[in-house]
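What follows is the residue order along each chain.
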Amino acid sequence: MPDETLHLPLIQRVLEREKDTPGALLPILHAIQEGCGYVPDAAVPEIAHALNLSLAEVRGVISFYHDFRTAPPARHTLRLCRAESCQSMGAEQLAAQLREQLSLDDHGTSADGSISLRPVYCLGACVCSPALELDGQLHARLTPERLRELVNGCQEEGTC
Ligand code: FES
């Protein structure tokens, strides 16, 4: 685990800037995640204090929204679409392939830290189903072979 105290200056800057904004909690969490790559646990008491909330309230919001990470991200993030159009074009089989290849649930990080899986519910590429997003880039009309190549690329250091 990284030394989370290194993130405290950034967290304090975000809080200083945002704490008086109405509904500040979500913008604060987004800004911290953008700056640190995730929301460090060390941020929770700082946020709670600045917004006069309890620790449980802040933790509850972080865990409710799937977009917030509580650990540093893997080197690559793969978001496989699981919504209707992609489902009808084989997304469930691709999800099973990913689970097997990476020994992961649908949502998790591989043991070597190379790749995180995150399901997503429509990427706006339904006509080109099945689709996924890898590190922000869309890949559509996926086949099992293409998916395996993409994952292999992520697992080889320095590529992808
Ligand atoms: S349902 Fe998968 S991109 Fe829309």
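Please read these numbers as outputs of a predicted model, since none were measured by experiment.

Per the counting criterion, the structure on display carries eight salt bridges. Measuring nitrogen to oxygen at the nearest pair gives 3.5 Å for the salt bridge that ties Glu-18 to Arg-17. Residue Glu-18 is classed as buried on the basis of its relative accessible area, which comes to 17%. Look at Arg-17 and you get exposed, because its relative accessible area is 55%. Between Arg-59 and Asp-41 there is a salt bridge; the shortest N-O distance is 3.1 Å. Of the two residues, Arg-59 is situated in helix 4 (residues 55–64) and Asp-41 in the loop between helix 2 (25–36) and helix 3 (43–51); the sequence distance between them amounts to 18 residues. Judged by its relative accessible area of 41%, Asp-41 is partly exposed. Each of Arg-82, Glu-92, Arg-99 and Asp-106 takes part in salt bridges that share partners, so that together they form one network.

With respect to the helices and strands, Pro-130 occurs in the loop between strand 3 (115–117) and strand 4 (132–134). The exposure class assigned to Pro-130 is buried, which follows from its relative accessible area of 5%. Between the C-alpha atoms of Pro-130 and Ser-54, which are 76 residues apart in sequence, the distance is 42 Å. Not counting chain neighbours up to four residues away, the residues in contact with Pro-130 comprise Cys-86, Met-89, Ala-91, Leu-94, His-139, Ala-140, Arg-141 and Leu-142.

What follows is about a nonpolar patch on the surface. Together, Leu-26, Phe-64 and Tyr-65 make up an exposed nonpolar region whose accessible area comes to about 300 Å². Structurally, the position occupied by Leu-26 is in helix 2.

The next subject is the side chain of Ser-116. Among the secondary structure elements, Ser-116 is positioned in strand 3. On the accessibility criterion, Ser-116 (10% relative accessible area) is buried. Sequence-distant contacts of Ser-116, that is, excluding residues within four places in its chain, are made with Ala-74, His-76, Thr-77, Leu-78, Gly-108 and Thr-109.

Taking strand neighbours across the sheet as the criterion, the five strands line up as 2-3-1-4-5 in an open arrangement whose pairing is mixed. Edge positions in the open sheet fall to strand 2 (108–109) and strand 5 (137–139), since each of these has one partner strand only. In terms of strand pairing, strand 2 meets strand 3 through two bridges, oriented antiparallel. Each bridged residue has a counterpart across the sheet, and for Gly-108 the counterpart in strand 3 is Leu-117. Where helix 6 (residues 91–102) meets the sheet, its contacts fall on strand 1 (76–80) and strand 3, and the angle it forms with strand 1 comes to roughly 150°.

Going through the model one piece at a time under the given rule, you end up with two aromatic pairs. An angle of 85° between the planes, with centres 5.0 Å apart, marks the rings of Phe-64 and Tyr-65 as edge-to-face. Take Tyr-65: its relative accessible area is 36%, and that puts it in the partly exposed class. Taking the centre distance of 6.2 Å and the plane angle of 85° together, the rings of Tyr-65 and Phe-68 count as edge-to-face. Phe-68 sits in the buried class, given a relative accessible area of 7%. Here the aromatic residues Phe-64, Tyr-65 and Phe-68 are joined through ring pairs into a cluster of three or more.

How each quantity is defined
- Residues numbered from 1 in each chain as written.
- Predicted model: local features only at pLDDT ≥ 70, side-chain atom pairs only at ≥ 80, totals over all residues.
- Heavy atoms only, no water.
- Salt bridge = Lys/Arg side-chain N within 4 Å of Asp/Glu carboxyl O.
- Buried < 20%, exposed > 50% of the residue type's maximum accessible area, 1.4 Å probe, protein only.
- Helix = DSSP H or I, 4+ residues; strand = E, 2+ residues; numbered from the N terminus.
- Contact = heavy atoms within 4.5 Å.
- Patch = residues over 30% accessible without salt bridge, like charges linked within 9 Å, V, L, I, M, F, W, Y side chains within 5 Å.
- Areas by Shrake-Rupley, 256 points an atom, 1.4 Å probe, with all protein chains shown as cover.
- Pairing = 2+ DSSP bridges.
- Axes fitted to C-alpha atoms, helices over the stretch in contact; angles between N-to-C directions.
- Phe/Tyr/Trp six-rings, centres within 6.5 Å; stacked < 30°, edge-to-face > 60°.

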